[in-house]
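The lines below spell out each chain.
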Amino acid sequence: MEKLAYISLLFFSITTLTFGQGLPIATPEDVGVSTERLERIRPVMQGYVDDRHIAGFLTVVARRGKIVHFETIGMRDIENNKPIEPDTIFRIHSMSKPITSVAVMMLYEEGHFQLNTPVSDFIPEFKNMKVYNADQTEILDAKNEITIKHLLTHTAGLTYGWGGQPVDKRYREANLFQPGTTLADSMQKLSEIPLVHEPGERWTYGVSVDVLGYLVEVVSGMPFEEFLQTRLFEPLGMVDTAFSVPLEKLDRFAALYELNKKGGMKGDKDKEKKMDEAKEKAKDLKGDRDVKMRLERVEKDPPLKNGEVRFFPGGGGALLSTAPDYIRFCQMLLNGGELEGVRILKEETVERMRYPHHEGWFGLGFSIVPDKESKDTDAKASKDTPESAGSYSWGGAAGTIFWIDPEKKVIGLLMTQISDVSSSHHQFKKLTYQALKK
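Residues numbered from 1 in each chain as written. Predicted model: local features only at pLDDT ≥ 70, side-chain atom pairs only at ≥ 80, totals over all residues. Heavy atoms only, no water.

Caption draft 1: Layout of helix α12 (residues 323-334). Compared with the 16 Å implied by 1.5 Å per residue over 12 residues, the 16 Å span of α12 between its first and last C-alpha is a close match. By the criterion of burial, α12 is predominantly enclosed, with 12 of the 12 residues buried. Of the positions making up α12, those classed as buried are A323, P324, D325, Y326, I327, R328, F329, C330, Q331, M332, L333 and L334. Measuring from the backbone nitrogen of D325 back to the side-chain oxygen at the start of α12 gives 3.2 Å, which picks out T322 as the cap. Trailing α12 by a residue or two, G336 shows a phi angle of about 85 degrees, which is positive. (Helix = DSSP H or I, 4+ residues; strand = E, 2+ residues; numbered from the N terminus. Expected span 1.5 Å × (residues − 1). Buried < 20%, exposed > 50% of the residue type's maximum accessible area, 1.4 Å probe, protein only. Polar contact = N/O pair within 3.5 Å; in protein donor to acceptor, adjacent residues only side chain to side chain.)

Pasting the structure below:
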């Protein structure tokens, strides 16, 4: 058993050296983790792949700055028979938000603004905003200005436009992040849409962090993408994190899937029967064919332009990354803003970011696990999660998730590419904490 664990860690060590990434490797017992219990992770995660709910996973556990678990399961591209690899590139979607929030706090440390500074001081379009009343039947003048803290905590009154209210229709019509547009153009269109509530009134998930991306661009005097590359990714050795995938890396880019809901629709008994028959016939065939019957590829071929796949450079959800890259970002935060002699933020700034600023559970860019004794009834109950109070995390719409536990000195990272979130996240966390010995 120990030999198998050693071989697995050796494999990742070689991969890490090859790509110049990742973190140091440790035998789990050296940092208070059970090798035997870590080995429970793979069969559980494999089950999701075998049941055709997910194409493939990559899971990472680090403790006290050392990797103790790194496994790949399943496929990154079913149709072309390509497995998940240690350097597979994933869409991290909303896991872009903590990165953008760190960029904002870097400028905060430099004294460019305070957290309560109105964003209109830098983006004048957001001066004199309009706001809908409670039932969205009337548009009024907003009483309060949107501050930078409102944007960091998702309390600005901005949304995503996913619902059926009048404001949602306006978001869809604005098409804020269409290819070929700029952050400046997007902000102009966004500022013309009324807020869903007064700034600071409540938590509403939306495009707040995309506004912060443009704020970074305005304050720093350089394109947002360039700021991230030169001030954050390059210093941290995050060599594969960007808003684009160049042609030479395209083979490593994971395909995006969703559960196929077309087969076996209610009322279509003939189609249900044919699907059941096809599944029975597929049982003796290779797993990949069976997977195709449950998973559907979202995009057949990613659009290439000038020799690369490029996404809108928005701070809220457009970055692409790898597990070795993102684990370095997480370790920098766990270390209090520093990694391998490179300081990105001061320790007190990281502490401020992971403090529960809103309703006991949301900080400056992260979800926070509240104290078990919290009297805040709106706070998420920490008893429902294995993480320690004060842990912080976030996830992405394509199934990626990370968490950082300062008390236990643990980082967990799961990468996959499916738009249907499953219970795999909680199972991975639970198994990780069960492996801790002290």
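Now that the structure has been shown, we can carry on.
Caption draft 2: Broad picture of the sheet that holds strand β2 (residues 66-77). Taken in spatial order, the seven strands of this open sheet run β3-β2-β1-β17-β16-β15-β14, and their pairing is antiparallel. Of all the strands in the sheet, the pair left with one neighbour each is β3 (82-83) and β14 (367-368). Sheet topology note: the strand β15 (residues 392-395)/strand β16 (residues 401-405) ladder contains four bridges and is antiparallel. Bridge pairing links Y392 to I404 in β16. Against the sheet, helix α3 (residues 41-50) engages β1 (56-63), β2 and β17 (410-415), with an angle of about 20 degrees to β2. (Pairing = 2+ DSSP bridges. Contact = heavy atoms within 4.5 Å. Axes fitted to C-alpha atoms, helices over the stretch in contact; angles between N-to-C directions.)

Caption draft 3: The arrangement of empty space enclosed by the protein in detail. Scanning the entire structure with this criterion turns up three cavities of 30 Å³ or more. Empty space within the largest cavity amounts to approximately 60 Å³. What lines the largest cavity is a set of 13 residues, among which A55, G56, M75, T416 and Q417 lie closest to the centre. Of the residues in the lining of the largest cavity, the class split is nine nonpolar, three polar and one charged. (1 Å grid on protein atoms, 1.4 Å probe; cavity = no way out; pocket = protein on both sides within 12 Å on 5 of 7 lines; lining within 4 Å. Points joined across faces, edges and corners; volume = space filled by probe spheres on them. Nonpolar A, V, L, I, M, F, W, Y, C, P; charged D, E, K, R; others polar.)

Caption draft 4: A look at the nonpolar core. Formed by 89 residues in total, the largest nonpolar core has its most connected members in V102, L228 and Y326. Ignoring sequence-local partners within four residues, the contact set of V102 consists of L232, F329, M332, L333, I344, L345 and M353. If you look at the next biggest cluster of nonpolar residues, it comprises 29 residues, including V33, W403, I418 and F428. (Core = buried A, V, L, I, M, F, W, Y, C linked by side-chain atoms within 4.5 Å.)

Caption draft 5: Unusual backbone geometry, seen in detail. The backbone phi angle of N175 is positive, close to 45 degrees, even though this residue is not glycine. Mapped onto the elements of the fold, N175 is located in the loop between α6 (166-174) and α7 (183-191). For E359, which is not glycine, the phi dihedral falls at a positive 50 degrees. On the secondary structure map, E359 appears in the loop between α13 (347-353) and β14. The exposure class of E359 is partly exposed, given its relative accessible area of 31%.

Caption draft 6: Spatial organisation of the pairing of β2. Most of β2 sits inside the fold, with nine of its 12 residues counted as buried. Connecting β1 to the antiparallel partner β2 that follows it, the hairpin turn spans two residues, and R64 within it adopts a positive phi of roughly 50 degrees. For β2 and β3, the ladder comprises two bridges, and the chain directions are antiparallel. The partner of M75 across the bridge, within β3, is P83. In this structure, the hairpin formed by β2 and β3 is closed by a connection of four residues, where N81 is found at a positive phi of approximately 55 degrees.

Caption draft 7: A look at the packing of helix α4 (residues 96-109) against α12. Relative to each other, α4 and α12 sit at 45 degrees, their axes nearing to 12 Å. One finds that α4 runs oblique with respect to α12. Where α4 crosses over α12, the two elements pack in a sense that is left-handed. Residues P98, I99 and V102 of α4 lie in contact with α12, whose contacting residues are Y326, F329, M332 and L333. Within the contact of α4 with α12, the residues separate by chemical class into seven nonpolar, no polar and no charged. (Parallel < 35°, antiparallel > 145°, perpendicular 65-115°, else oblique. Left-handed = near helix turned anticlockwise from the far one by under 90°.)

Caption draft 8: Quick look at the pattern of salt bridges. Per the stated rule, a full pass over the model turns up 18 salt bridges. Of the charged contacts in the structure, one is a salt bridge between R76 and D251, with a shortest N-O distance of 3.4 Å. A residue pair is termed long-range when its members are at least 10 positions apart, and R76 in strand β2 and D251 in the loop between β7 (244-246) and β8 (257-259) qualify at 175 residues. Its relative accessible area of 7% is what places R76 among the buried residues. Residue class for D251 comes out partly exposed when judged on its relative accessible area of 44%. Among the salt bridges present, the one from E351 reaches R354, with a minimum N-O distance of 3.2 Å. (Salt bridge = Lys/Arg side-chain N within 4 Å of Asp/Glu carboxyl O.)

Caption draft 9: Spatial organisation of the pairing of β16. Most of β16 sits out of view: five of its five residues are buried. Counting the residues that bridge the hairpin from β15 to β16 gives five residues, and of these G399 lies at a positive phi of roughly 95 degrees. When β16 meets β17, the two strands line up antiparallel, connected through five bridges. Residue pairing across strands places I401 opposite L414, the latter belonging to β17.

Caption draft 10: Quick look at the side chain of H425. Tracing the chain through its elements places H425 in helix α14 (residues 424-434). Here H425 falls in the buried class, since its relative accessible area comes to 14%. Apart from residues no more than four positions distant in its own chain, H425 is found in contact with G399, I401 and L414.

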